[in-house]
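Here is what each chain is made of, one letter per residue.
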Amino acid sequence: MSTRTSAARRLFSRAGITEQLLTVAGANREVLREAPKERGKQVAMGAVLLSTAGLAVVSASYALHLALHLWWPVAIVGGLVWGLVILNLDRWLVVSSPRLTSKAGTLAMATPRVLLAVLIGAVVSTPLTLAVFSAEIGTEVRVMAAEEEDAFTRQLAEDSRYAQLPALREQIAALKADIADGVTPADVNADPAVVALQEELVNTRARFEAAEQAYQAERDGTGGSGVRGDGPETEAKRIVRDRLEREVIELTQRLEDLKVEVRAKLEAEEAQKTADQRADLDQLETLVADTQESRDVEVAGHQEAVGTSDGILARLTALGRLGEDNPTLATAHWLLFAFMTALECLPILFKTMLALAPPSLYERLLALGDEKVEERVRLRMQSEYEEAEVLARSALAAAEARAARTLEAESRATGMVLDAQLDVTRHGVGRWRDEQLAGARRVNGHGTDLVKRP
């Protein structure tokens, strides 16, 4: 436990922090031992690199929380990863920036790195700029959302697909009411034959009532002839009244019978009409349901878009609109953006300015060390080449000696074989000669015996 505590103290002590900054700056500690005054510059470079990486962490964390609506701890973890990436990129840009013999060459080599640093700085500084103007941007985003909502509502109202929905719903309601009502007395009374007969009945009843009044007036002497009591005039008026009464009774019965017939006919027609109306109702309901579903999908998509309309793109658009309406805010925005970008480009700019200045002691010692390393490598390679050449020559001499010995041995072996073959030949010839002489002697001996025997 004490070992860990002491290690942590060393890590967070001033010397430990300085060593970490030197590591970040990519400084050569052996060279710094020879030039200790240059140590401060390298520590400052490491601090600048860490500062830009810290800004990148803040920027990326805010961007992830804003764009993806991530939980802050998760966004911070993502920001730390992005900060590490930016630190590595800046460190590579700084370490890989060479110093050439001419300033023009140095500028030519530094220009792509500066442009890359500017691009990285613009990416990193954008979320920070949005964070500074977050209050104004939030207000403008809500205004933009309200405008989009109004425009979407007008679009829905003007869309021919959805404009017919109220009329279709009214048709559906009317069809349902008509199907539910069936044949009503009003439908029967609206039949032309029933209307004509009713009008005839009304007229006949009116004539009957007039005849009844005339009969009563004639009878009580208040009208007609003015003679009270029954008489010829009274009887004539009674006959007219009775005839009209019979006509009223007959017309009433005919009207009732006609209503029964008309109702039966209407009910038969209503059955067929109801079947057709139900088919029309199903088609209308299907059309309304499909149209409403399509409308609901568009509304849901719009609501989802509005719910996520506070992302980086929407905020950049809102910032642009604010700049168009407020030149002061636009100037502040671009000044802040340029300042943030310059901060992110500070390491490579600092390195470029150092490269354009006369070489420092650290750089001269570093170049001298590189030359020494190059010379050592060259000498080692030359020594290795010479050793390889000596070994090759030795191997060649040994091979030549082996070849000479082999050739001498082969020559001796050949001579010995030839001597042996010559000895064998001589021996064979001697044996052949001896055999021939012996044979000749035997032949000569037999010849002598033949001469002596007679």
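Residues numbered from 1 in each chain as written. Predicted model: local features only at pLDDT ≥ 70, side-chain atom pairs only at ≥ 80, totals over all residues. Heavy atoms only, no water.

Draft legend 1. Up close: the UniProt feature "coiled-coil region" (unreviewed entry) in the protein. Following the UniProt record, one finds the feature "coiled-coil region" (unreviewed entry) at residues 241-272. Between the C-alpha atoms that bound residues 241-272 the distance is 46 Å, and the span itself is 100% helix and 0% strand. (UniProt positions renumbered as here; feature names shortened; annotations may be inferred. Helix = DSSP H or I, 4+ residues; strand = E, 2+ residues; numbered from the N terminus.)

Draft legend 2. Just the packing of helix α7 (residues 134-158) against helix α13 (residues 312-325), in detail. Two elements in contact, α7 and α13, have axes separated by 9 Å at closest approach and are oriented at 100 degrees. It follows from the interaxial angle that α7 and α13 lie roughly perpendicular. In this structure, α7 uses Ser-134, Glu-136, Ile-137, Gly-138, Glu-140, Val-141, Val-143, Met-144 and Glu-147 to contact α13, whose residues at the interface are Ala-314, Arg-315, Thr-317, Ala-318, Leu-319, Arg-321 and Leu-322. In terms of residue class, the contact of α7 with α13 is made up of 8 nonpolar, 3 polar and 5 charged. (Axes fitted to C-alpha atoms, helices over the stretch in contact; angles between N-to-C directions. Parallel < 35°, antiparallel > 145°, perpendicular 65-115°, else oblique. Contact = heavy atoms within 4.5 Å. Nonpolar A, V, L, I, M, F, W, Y, C, P; charged D, E, K, R; others polar.)

Draft legend 3. Structural context of the nonpolar core. Ranked by size, the top nonpolar core spans 14 residues in total, and within it Leu-130, Phe-133, Ile-137, Ala-318, Leu-319 and Leu-329 carry the most contacts. Each residue touching Leu-130, except ones within four places of it in the same chain, is listed here: Tyr-62, Ile-137, Ile-312, Arg-315, Leu-316 and Leu-319. (Core = buried A, V, L, I, M, F, W, Y, C linked by side-chain atoms within 4.5 Å. Buried < 20%, exposed > 50% of the residue type's maximum accessible area, 1.4 Å probe, protein only.)

Draft legend 4. Just the packing of aromatic side chains, in detail. As enumerated under the stated definition, the model contains 0 aromatic pairs in all. Positioned above the aromatic ring of Tyr-215 is the side chain of Arg-241, whose terminal nitrogen or guanidinium carbon lies 4.6 Å from the ring centre. (Phe/Tyr/Trp six-rings, centres within 6.5 Å; stacked < 30°, edge-to-face > 60°. Lys NZ or Arg CZ within 6 Å of the ring centre and 35° of its normal.)

Draft legend 5. Examining the UniProt feature "transmembrane region" (unreviewed entry) in the protein more closely. The feature "transmembrane region" (unreviewed entry), as given by UniProt, occupies residues 43-64, 70-93 and 114-135 in the numbering adopted here. End C-alpha to end C-alpha, residues 43-64 measures 31 Å, and it is 100% helix and 0% strand. Summarising residues 70-93: 92% helix, 0% strand, and an end-to-end C-alpha distance of 31 Å.

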